[in-house]
Amino acid sequence: MSQIQYNFNKNDEYRTPAYAVYPILKRLKKNSSIWCPFDKSDSQYVKVFQGHGFHVVYGHIQTGQDFFDFPVPSCDYIVSNPPYSRKGEVFQRLFELQIPFAMLINFQGIFDQKDRFEMFRQQRIELLWLSPRVNYGTDNQRKNARVPFQSCYLCQGICKRQLEFDYLDTSLLE
Ligand SMILES: C[S@@+](CC[C@H](N)C(=O)[O-])C[C@H]1O[C@@H](n2cnc3c(N)ncnc32)[C@H](O)[C@@H]1O
């Protein structure tokens, strides 16, 4: 396994629960292919999509697949929960790739930063707002810790309307 040096940031390690994958899953074409670029085999994106017949390609910085360098696999969608500390660069690259995407993000301050505001202003984006709040797990076993922020999916080419709302069924486990 190749190892890449990267700056570990504990705020980048919030892990998505299975129930938060379903609002996106139901908006995708059946049997399509999905790239999950911030995910290992134990990611709920990988497990839930595979379990529902999607073709999934995944990769993670810890397994040598840096999203910013890795050759883009052939896919219909890019879906994940990205490292929050690099969200500006992540969205910049996603807009350049022009592949429909959905990213679960910490919504707090997303449009505050001047360059990001300008980047989003020039794009047609979709927001998928979720209720209740997503409670993430973390690598240090704080499973379902109460997170102090609201998250939503920021998408392009996924939702019919630019602002959509959906309920989370928190009983769904894979
Ligand atoms: C917010 S976590 C989400 C993990 C997983 N996608 C999930 O939803 O459970 C983001 C992950 O991206 C990883 N990461 C950070 N920089 C990366 C990069 N350049 N390329 C690929 N993965 C990266 C982090 O180590 C972290 O595990």
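This section reports on the structure supplied with the text.

Conventions and cut-offs
- Residues numbered from 1 in each chain as written.
- Predicted model: local features only at pLDDT ≥ 70, side-chain atom pairs only at ≥ 80, totals over all residues.
- Heavy atoms only, no water.
- Near = heavy atom within 4 Å.
- Polar contact = N/O pair within 3.5 Å; in protein donor to acceptor, adjacent residues only side chain to side chain.
- Nonpolar A, V, L, I, M, F, W, Y, C, P; charged D, E, K, R; others polar.
- Axes fitted to C-alpha atoms, helices over the stretch in contact; angles between N-to-C directions.
- Helix = DSSP H or I, 4+ residues; strand = E, 2+ residues; numbered from the N terminus.
- Parallel < 35°, antiparallel > 145°, perpendicular 65-115°, else oblique.
- Left-handed = near helix turned anticlockwise from the far one by under 90°.
- Contact = heavy atoms within 4.5 Å.
- Buried < 20%, exposed > 50% of the residue type's maximum accessible area, 1.4 Å probe, protein only.
- Pairing = 2+ DSSP bridges.
- Right-handed = clockwise from strand over helix to strand, strands pointing away.
- Phe/Tyr/Trp six-rings, centres within 6.5 Å; stacked < 30°, edge-to-face > 60°.
- Lys NZ or Arg CZ within 6 Å of the ring centre and 35° of its normal.

**Looking at the site of the ligand**
Part 1 of the reasoning: As a structural note, the neighbourhood of the ligand is formed by 20 residues, with Asp12, Glu13, Thr16, Asp39 and His60 the closest of them.
Part 2 of the reasoning: Contacts to the ligand include Ile61, whose backbone N or O atom sits 3.2 Å from a nitrogen atom.
Part 3 of the reasoning: Residue Ser80 places a side-chain N or O atom 3.2 Å away from a nitrogen atom belonging to the ligand.
Part 4 of the reasoning: Split by residue class, the shell around the ligand holds nine nonpolar, five polar and six charged.

**Some words on the packing of helix H3 (residues 87-97) against helix H4 (residues 114-121)**
Part 1 of the reasoning: It is at 10 Å that the axes of H3 and H4 come closest, and there the two elements cross at 25°. Taken as axis vectors, H3 and H4 run roughly parallel relative to one another. Crossing of H3 over H4 shows left-handed handedness. Note on element contacts: H4 touches H3 through Arg116, Met119 and Phe120, opposite Lys87, Gly88, Phe91, Gln92 and Phe95.

**Comments concerning the pairing of strand S3 (residues 77-80)**
Part 1 of the reasoning: Side-chain alternation along S3 places Tyr77 and Val79 on one buried face and Ile78 and Ser80 on a second face that is also buried.
Part 2 of the reasoning: As paired strands, strand S1 (residues 33-36) and S3 are joined by two bridges and run parallel to one another. Across the sheet, Trp35 pairs through a bridge with Ile78, a residue of S3.
Part 3 of the reasoning: Sheet analysis places S3 next to strand S4 (residues 101-106), joined by three bridges and oriented parallel. In the strand pairing of S4, Val79 is matched with Ala102.
Part 4 of the reasoning: Handedness of the S3-H3-S4 crossover: right-handed.

**Digging into the packing of aromatic side chains**
Part 1 of the reasoning: According to the stated counting rule, one finds 18 aromatic pairs in the structure shown.
Part 2 of the reasoning: Their ring planes at 35° and their centres at 6.4 Å tell us that Phe91 and Phe95 sit as a pair that is tilted. Separated by four residues within a single helix, Phe91 and Phe95 lie in helix H3, roughly one turn from each other. Considered together, Phe91 and Phe95 belong to a single accessibility category, that of buried residues.
Part 3 of the reasoning: An angle of 90° between the planes, with centres 4.8 Å apart, marks the rings of Phe107 and Trp129 as edge-to-face. Of this pair, Phe107 sits in the loop between S4 and H4 while Trp129 sits in strand S5 (residues 126-131); the two residues are 22 residues apart in sequence, bridging distant segments of the chain.
Part 4 of the reasoning: The exposure class of Trp129 is partly exposed, given its relative accessible area of 25%.
Part 5 of the reasoning: Here the aromatic cluster, defined as three or more aromatic residues joined through ring pairs, consists of Phe91, Phe95, Phe101, Phe107, Phe111, Phe120 and Trp129.
Part 6 of the reasoning: Over the ring of Phe67 we find Arg93, and its NZ or CZ is 5.3 Å from the ring centre.

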